[in-house]
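# Topology and contacts: notes
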There are 2 protein chains.
Amino acid sequence: MSGDPTHGHDFIADCRTRIAFDLLSGTWTGVVLAALHDGPLRPGELRDRIGGVSHKVLTGTLRRLERDGLVARRRYAEAPPRVEYELTGPGRGLLEPIAALARWTEVHADAVLAAQERAELSGR
Amino acid sequence: MSGDPTHGHDFIADCRTRIAFDLLSGTWTGVVLAALHDGPLRPGELRDRIGGVSHKVLTGTLRRLERDGLVARRRYAEAPPRVEYELTGPGRGLLEPIAALARWTEVHADAVLAAQERAELSGR
DNA sequence: CGGTATCCTCGGGGATACTG
DNA sequence: CAGTATCCCCGAGGATACCG
């Protein structure tokens, strides 16, 4: 099952997979998608859960996600107007690859951090 | 198994998964890893297979991959000195998440491209 | 509280030319 | 052929202030 990632796709030639890479390229993109995993959230809630992301950058990230159709913006005309963001079909589909990355992190992240530190100490 | 991506991890709080995101953040990083899937390659071969990547940027990408311990550089002291790059353990492990992204692309890429085009036409 | 508008900085990506 | 050194550009990320 984890045998052949290319499996007949043209990864390289007219590489469509780059689309996915570009989609997740933002610093906070993947984190936002993961944060929306268990249901719609208001921007403020997102900020609190993520932590360390500036107000402007978060909205910027959400704008891009919205533009790419990965996240939907929902406005409620209430007493204090409320806004929520939720995953779309494609956005929800990205949770699986993201989970795969999370699994990888558990196993190999320390090795990477060690390698980086080693490189820092020597040449760098 | 593909049920709960978060599955008890702290995706958000002290988000270690960001490590993986950052590793793949480069424009060509993921492509290079995928290209090395079926064995070591020389830089020239890599360039040919990928296409559209400049000489300097490719070496820059390889440097980063090397520094992060995802790719190993192998030098052969031969008549015309030869150089090859190959995946390390952690690097090879990333092929699975990358494959997951490729699968996602097959299903949802068109929808994303459509959404982007739609956004372009209207507001921009 | 959500969103936008400035302004600044930094690093990646690209083209080019040059050294082993 | 592999690698490095410049130089330029642009966009993302961040801080701040201001408008619905």
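What counts and how
The numbers attached to residues start from 1 for each chain and follow its sequence in the written order. For this description, chains carry letters from A and ligands carry numbers from 1, given in the order in which they are written. Reporting of local features is limited, given that this is a predicted model, to residues whose pLDDT is at least 70; pairs of side-chain atoms are given and counted only at 80 or more, and all residues count toward the totals for whole chains, interfaces and linings. Only hydrogens and water are removed before side-chain values are computed, so all heavy atoms of the structure are retained for them. Segments assigned H or I by DSSP are reported as helices when at least four residues long, segments assigned E as strands when at least two residues long, and all are numbered from the N terminus. Each residue gets one of three labels from its accessible area relative to the maximum for its type: buried under 20%, exposed over 50%, partly exposed in between, using a 1.4 Å probe on protein chains only. One heavy atom suffices: a residue is near a molecule or strand as soon as one of its heavy atoms comes within 4 Å of it. By the criterion applied in these results, polar contacts are pairs of N or O atoms within 3.5 Å in which, for protein atoms, one can donate a hydrogen and the other can accept it, and in which residues neighboring in sequence qualify only through two side-chain atoms. Under the scheme applied, nonpolar residues are Ala, Val, Leu, Ile, Met, Phe, Trp, Tyr, Cys and Pro; charged residues are Asp, Glu, Lys and Arg; polar residues are all the others, including Gly. We call a set of buried residues a nonpolar core when its members are Ala, Val, Leu, Ile, Met, Phe, Trp, Tyr or Cys and they connect through side-chain atoms within 4.5 Å of each other. Whether two residues are in contact is decided by their heavy atoms: any pair within 4.5 Å suffices. Two parts placed together each lose some accessible area under a 1.4 Å probe, and the buried area is that loss summed for both. By definition, a salt bridge exists where a carboxyl oxygen of Asp or Glu is found within 4 Å of a side-chain nitrogen of Lys or Arg. Axis lines are fitted to C-alpha atoms, over the contacting stretch for helices. Their N-to-C directions set the angle, which ranges from 0 to 180 degrees. Should an angle fall under 35 degrees it is called roughly parallel, over 145 degrees roughly antiparallel, and 65 to 115 degrees roughly perpendicular, with every other angle called oblique. With the far helix as reference, a near helix turned anticlockwise by less than a right angle produces a left-handed crossing, and one turned clockwise produces a right-handed crossing.

### Quick notes on the environment of Trp104 of chain A
Assignment of secondary structure puts Trp104 of chain A in helix 6 (residues 95-121). With a relative accessible area of 4%, Trp104 of chain A lands in the buried category.

### Structural notes on the protein's contact with DNA strand C
DNA strand C sits among 16 residues. The nearest are His55 and Arg73 of chain A together with Thr27, Trp28 and Lys56 of chain B. The protein-proximal atoms of DNA strand C, defined as those within 4 Å of the protein, are 53% sugar or phosphate. At a separation of 3.3 Å, a phosphate oxygen of DNA strand C approaches a polar backbone atom of Gly44 of chain A. Broken down by class, the residue content of the surface near DNA strand C amounts to 5 nonpolar, 6 polar and 5 charged.

### A word on the nonpolar core
Membership of the largest hydrophobic core comes to 60 residues, with the highest contact counts inside it found for Leu33 of chain A together with Leu33 of chain B. With sequence-adjacent residues up to four places away left out, Leu33 of chain A is seen in contact with Leu24, Leu65, Leu70, Val71, Leu87, Leu94, Leu95 and Ile98 of chain A.

### Side note on the interface of chain B and chain A
Residue-level contacts link 57 residues of chain B with 57 residues of chain A. Carbon and sulfur atoms make up 72% of the surface buried where chain B meets chain A, a total of about 4,800 Å² over both sides. Taken together, the connections running from chain B to chain A amount to 4 salt bridges. Note that Arg16 of chain A and Asp110 of chain B form a salt bridge whose closest N and O atoms lie 3.2 Å from each other. Linking chain B to chain A there are 7 residue pairs in polar contact (both at pLDDT 80 or more). Every element with two or more residues in the side of chain B that touches chain A is listed here: helix 1 (17-23), helix 2 (29-35), helix 3 (43-50), helix 5 (89-93) and helix 6 (95-121) of chain B. Residue contributions to the side of chain B that touches chain A peak at 21 residues, all from helix 6 of chain B.

### What to know about the packing of helix 3 of chain B against helix 4 (residues 55-67) of chain B
Residue and element names in this part refer to chain B. One can describe the packing of helix 3 onto helix 4 by two numbers: an axis separation of 11 Å at closest approach and a directional angle of 115 degrees. One element, helix 3, and the other, helix 4, form an angle in the roughly perpendicular class. At the point where helix 3 passes helix 4, the crossing takes the right-handed sense. Residues Pro43, Leu46 and Arg47 of helix 3 form the contact with helix 4, whose own contacting residues are His55, Leu58 and Leu62. A per-class count over the contact of helix 3 with helix 4 returns 4 nonpolar, 1 polar and 1 charged.

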